[in-house]
Amino acid sequence: MTQIRFQTFALTAEGLACRRGGRAIFDGVGFRLANGEVIALTGRNGAGKSSLIAMLSGRLQPEAGSIRLEGLDDMPLAEAAHLVGHRDGLKTALTAAENLRFAQELLGAPGLSPSEALAAVGLPHAGALPVGYLSAGQRRRVALARLLVSSRPIWLLDEPMAALDTGSQAMLSQLMQGHLAAGGAILAATHGPLGLDGARDLRIGP
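Caption draft 1: Spotlight on the pattern of salt bridges. Under the criterion given, the structure shown has four salt bridges. For Arg68, the salt bridge identified is with Glu70, shortest N-O distance 3.7 Å. By relative accessible area, which is 35% here, Arg68 ends up partly exposed. Notably, a salt bridge pairs Asp88 with Arg140, separated by 3.1 Å at the nearest N-O pair. One end of the pair, Asp88, is in the loop between strand 5 (81-84) and helix 3 (96-107); the other, Arg140, is in helix 5 (residues 136-149), and 52 residues separate them in sequence. By the burial criterion, Asp88 is buried, and Arg140 matches it.

And the structure:
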């Protein structure tokens, strides 16, 4: 399948603040993310990394500040961004292929087929297996395969390396490199290295 090339865009956040349960989590967070760029979002547990990703995906409103996406023919950020959270978000009674087919139909902008995406994450024979039968690492790879069945330019990843062994981490790094080479961009909350050259660090919290 021919690799898609994403249009020019820039995602800009300015002065973002988060308050949960009446408690200030972070404030004054800002960054700019454009084609081919990757930001590693770091901070201690509870610093608000997942909350910031939720803001960018439209699931949480900031207490203050602004989020602006320019380019992509004025596409809303919710349609331009691809979220894979810390939890896999898979339906365990469905097969791996059924989960990916559902995601593709929901998200639109079709990319790889479910079978192609599973092969790309090293699970070529898992398509017919219910997700509930898979190991934690295999389920994580199915969740990450959702990135491949729908071609969205901005990947928002919450601890993408969680539950992955060394070989699977290297595989994910290669997939991320391919996305960046196609003009995509990545913001990933992480406690460890992403295996990507040129990643900028954005630390939040104390």
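Resuming the write-up.
Caption draft 2: Examining the environment of Gly195 more closely. Its location among the elements puts Gly195 in the loop between strand 7 (185-189) and strand 8 (200-203). Each C-alpha atom of the pair Gly195 and Ile39 lies 12 Å from the other, and the pair is 156 residues apart in sequence. For Gly195, the residues in contact, after removing those within four places along its chain, are Ser173 and Gln177.

Caption draft 3: Structural context of the pairing of strand 7. Strand 7 sits mainly inside the fold: five of its five residues count as buried. Where strand 3 (residues 38-42) meets strand 7, four bridges bridge the pair, whose relative direction is parallel. Within strand 7, the residue paired with Ala40 across the bridge is Ala188. The pairing of strand 6 (residues 154-158) with strand 7 spans five bridges and is classified as parallel. Residue pairing for strand 7: Trp155 is matched across the bridge by Ile186. One crossover worth recording links strand 6 to the parallel strand 7 by way of helix 6 (residues 166-181), and it is right-handed.

Caption draft 4: Focus on helix 3. The end-to-end C-alpha distance of helix 3 is 17 Å, a good match for the 16 Å that twelve residues give at a rise of 1.5 Å each. Lining the buried residues of helix 3 we find helix 4 (114-120) and helix 5.

Caption draft 5: Representation of helix 5. Helix length check: helix 5, at 14 residues, gives a terminal C-alpha distance of 21 Å against a target of 20 Å (1.5 Å per residue), a fit within 8%. Burial analysis of helix 5 places eleven of its 14 residues in the buried class, which makes it a mostly covered element. Residues of helix 5 that are buried: Gly137, Arg140, Arg141, Val142, Ala143, Leu144, Ala145, Arg146, Leu147, Leu148 and Val149. Structurally, helix 5 contributes buried residues whose contacts are with strand 5, helix 3, helix 4, strand 6 and helix 6.

Caption draft 6: Spatial organisation of the side chain of Asp158. The topology assignment puts Asp158 in strand 6. Buried and without a salt bridge, Asp158 has Arg140 as its closest oppositely charged side chain, separated by 6.7 Å. A polar contact of 2.6 Å, which involves the side chain of Asp158, links it to the side chain of Ser50. Residues within four places of Asp158 in sequence aside, it is in contact with Ser50, Ile53, Val84, Gly85, His86, Arg140 and Ala189.

Caption draft 7: Here's a closer look at the sheet that holds strand 1 (residues 9-20). Spatially, the three strands line up as an open sheet ordered 2-1-4, and their pairing is antiparallel. Only two strands of the sheet have a single neighbouring strand rather than two, namely strand 2 (23-34) and strand 4 (64-71). Here the average twist between neighbouring strands, direction ignored, is 10°. Where strand 1 lies against strand 4, seven bridges are found, and the strand directions are antiparallel. Considered in strand 4, the bridge of Glu14 is made with Ser66.

Caption draft 8: Structural context of the pairing of strand 6. By the criterion of burial, strand 6 is predominantly enclosed, with five of the five residues buried. Of the two faces of strand 6, the one lined by Ile154, Leu156 and Asp158 and the one lined by Trp155 and Leu157 are each fully buried. Note: strand 5 against strand 6, four bridges, orientation parallel. When the bridges of strand 6 are listed, Ala81 appears paired with Ile154.

About the cut-offs
- Residues numbered from 1 in each chain as written.
- Predicted model: local features only at pLDDT ≥ 70, side-chain atom pairs only at ≥ 80, totals over all residues.
- Heavy atoms only, no water.
- Salt bridge = Lys/Arg side-chain N within 4 Å of Asp/Glu carboxyl O.
- Buried < 20%, exposed > 50% of the residue type's maximum accessible area, 1.4 Å probe, protein only.
- Helix = DSSP H or I, 4+ residues; strand = E, 2+ residues; numbered from the N terminus.
- Contact = heavy atoms within 4.5 Å.
- Pairing = 2+ DSSP bridges.
- Right-handed = clockwise from strand over helix to strand, strands pointing away.
- Expected span 1.5 Å × (residues − 1).
- Lys, Arg positive; Asp, Glu negative; His and termini not counted.
- Polar contact = N/O pair within 3.5 Å; in protein donor to acceptor, adjacent residues only side chain to side chain.
- Axes fitted to C-alpha atoms, helices over the stretch in contact; angles between N-to-C directions.

On their own, these measurements won't tell you what the molecule is for.
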